[in-house]
Structure formats: C-alpha cells, structure tokens
Amino acid sequence: MVIAIVGDLDFDKTESMIRKYFSDLKPSSEKKLGTRVKEKFNTGEKRISFQYPGGSIYIMGWHKPAYPHPDSSVIDVIDSILTQGTSSRLYKRLVLKDRLVSSVDAWGSDPGERYSNLLSIYSQLNSDADPAKVESIIWEEVERLKTESVSSEELQRIKNKMTADFLREIDNNGNLADNLSYYELLTGSWEDLFLSYDKLNSITEEDIKRVTAKYFVKENLTIGHLDARQIKKPTMPNPKETK
C-alpha cells in the first residue's frame, strides 16, 4: 500500500494522523510479486462473439508489453494517432467519412498495467454498419502506420496533445496523489510518472513503423463482437387493446 500526500497541508499533523491509523499494519511475510509476467505473443488470432442488448460494439485488441517496456510509450503514441480526439485517423474515417460507428476509442492497457496487456480499439457500431467493413478500415489505418511515415507535424501535434493532457490531469491535488502512488506501486518509483513523459519526446517516425509491424499483426489479435443485431426488441402493447 502506498499513501501520497499532496497539497498545502501541515505535513507533521497529516503524517501523525496517517501513522495513527496505519502504523499497526505489519509488512507481509509473503514474497513480493513481480510486476511482469512474460507471455507468448503471436499465438494466433482469436475471435469471440455473443448477443448483447446494449448496442453493437466491435473490439480489436493487440497483445503488447506493459509499461515500463520501451515499446509501451510508442504504443501510446500509436493509440493517440488512431483514436484520440476528433482529429484522429479512425474518428475521421469511421465516424465522419463512412459513418459506420458513432464513436471509436481505445484502452491502451486493457485490462491493467501489472502484466502484459492489450491495446484495444472499441467501436460503437451504427445499427446498419457491417462489422467486417469496420474491421477492414481499422486494418487499413494500421497498415498505413507500417508503410508510411507519420509526418513530423502530425507526430509533434500528438506529442503536444499528450503532454498537455498529462499536465491538465495532474493540475489537481487528488489526481497528482493518485498518479504518484500508482507509479510507486507499479514501477517502484514515483519519479517514473515524470520520466515516462520524457521518453515521449524521443519517439520517432521509425519507432512507430517498427512497433506497429511487430505487434499489430493478425497472429497477435483478439476480436470481440458484442452483437445487438439479433436481439429482438420487446413489443409495446397497443394502448387501445389494453382498455
């Protein structure tokens, strides 16, 4: 457990209060678990589909290493290029141009950071959308990252946005405390919170090509389809017939 204190507080009084309630907790005698489990990549494409009444969602997740692996920061940039904001490539393709989905987003550490995880792209399908077409367009944009260099202007814009989002997030005592304690637990040092954004500036166009080609392959992919197309909507009784 990690407790972070942030803000204009009387530190001595705050520390005394924390020690009063938590100092009797004894260190665990169990061996500390490692923060990483090595798993095999490229074990084959996996697909799962089931009926879901809340609206069709198409999920494509690529297995990847977790932070602090050096490729993790590059994958964060790839995530930003593809899905973050209305200027992202997939938003412009799927939402604005082809009108196949109402939203597209990604979770870059699905389902968590302690072990190797997934970059999962979530697409909320429109009712008349063809899931195969959505998948095809996502693959087109992924393949572009393997073969075409991201322009220096686009890459710098992405870096600026990610840095600005980070600074806005920690411009709050509660968020800053959460992030400091999170990195202390995850990596063993709260300083990694700031070092991770230092690494951002060193990412190049070639890094993006290399990492996309390494991880964003069919053998490394899991697809989930929450399919609402076959769900029958309940029929409402005719008010005239109930009288």
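For the structure itself, consult the block above.
Throughout what follows, the structure given in this document is the object of discussion.

What counts, and at which threshold
- Every residue gets a number counted from 1 within its own chain, in the order that chain's sequence is written.
- Two thresholds apply to this predicted model, a pLDDT of at least 70 for residue-level local features and 80 or more for giving and counting side-chain atom pairs, whereas whole-chain, interface and lining totals are computed over all residues.
- Excluded from the side-chain calculations are hydrogens and water; all other atoms, namely the structure's heavy atoms, are used.
- Whether two aromatic rings pair depends on their centres lying within 6.5 Å, for rings of Phe, Tyr and Trp, where Trp uses its six-membered ring; planes under 30 degrees apart make the pair stacked, over 60 edge-to-face, and the rest tilted.
- Think of it this way: any DSSP run of H or I at least four residues long counts as a helix, any run of E at least two long counts as a strand, and we number them from the N terminus.
- Relative accessibility thresholds used throughout: buried, under 20% of the residue-type maximum; exposed, over 50%; partly exposed, between the two (1.4 Å probe, protein chains only).
- Here Asp and Glu are counted as negative and Lys and Arg as positive; His is not counted, and neither are the chain ends.
- Any carboxyl oxygen of Asp or Glu that lies within 4 Å of a side-chain nitrogen of Lys or Arg is treated as forming a salt bridge with it.
- Nitrogen and oxygen atoms within 3.5 Å of one another constitute a polar contact, given that in protein one can donate a hydrogen and the other can accept it, and given that sequence-neighbouring residues count only through two side-chain atoms.
- Note on pairing: DSSP must find at least two bridges between two strands before they are called paired.
- Helix axes are fitted to C-alpha atoms over the stretch in contact, other axes to C-alpha atoms as well, and angles between N-to-C directions run from 0 to 180 degrees.
- For this analysis, residues touch if any pair of their heavy atoms sits within 4.5 Å.

**Re the packing of aromatic side chains**
Across all of its chains, the model carries 5 aromatic pairs by this definition. Taking the centre distance of 5.5 Å and the plane angle of 90 degrees together, the rings of tryptophan 62 and tryptophan 139 count as edge-to-face. Taken together, the residues tryptophan 62 in strand E2 (residues 57–64) and tryptophan 139 in helix H4 (residues 131–147) connect sequence positions 77 residues apart. Like tryptophan 139, tryptophan 62 is buried. A centroid spacing of 5.8 Å and a plane angle of 80 degrees characterise the contact between tyrosine 182 and tyrosine 183, whose relative ring orientation is edge-to-face. Residue tyrosine 183 is classed as buried on the basis of its relative accessible area, which comes to 13%. By the ring-pair criterion, three or more aromatic residues cluster together here, those being Trp62, Trp139 and Phe216.

**Considering the side chain of lysine 209**
Relative to the helices and strands, lysine 209 is located in helix H8 (residues 205–215). For lysine 209, which is buried and forms no salt bridge, the nearest opposite charge comes from glutamate 206, at a distance of 4.0 Å. Engagement of the side chain of lysine 209 in a polar contact is seen with the side chain of serine 149, the distance being 3.2 Å.

**A short note on the sheet that holds E2**
Read from one edge of the open sheet, 5 strands run E1-E5-E2-E4-E3, paired in mixed fashion. Each of the sheet's edge strands pairs with one partner strand only, and the pair in question is strand E1 (46–51) and strand E3 (101–110). For this sheet the average axis-to-axis angle between neighbouring strands, irrespective of direction, equals 15 degrees. The sheet contact formed by E1 and strand E5 (residues 221–227) spans 6 bridges and is parallel. By the bridge assignment for E5, phenylalanine 50 is matched with leucine 226. Taken strand by strand, H4 contacts E1, E2, E3, strand E4 (117–125) and E5, and its axis lies near 35 degrees from that of E2.

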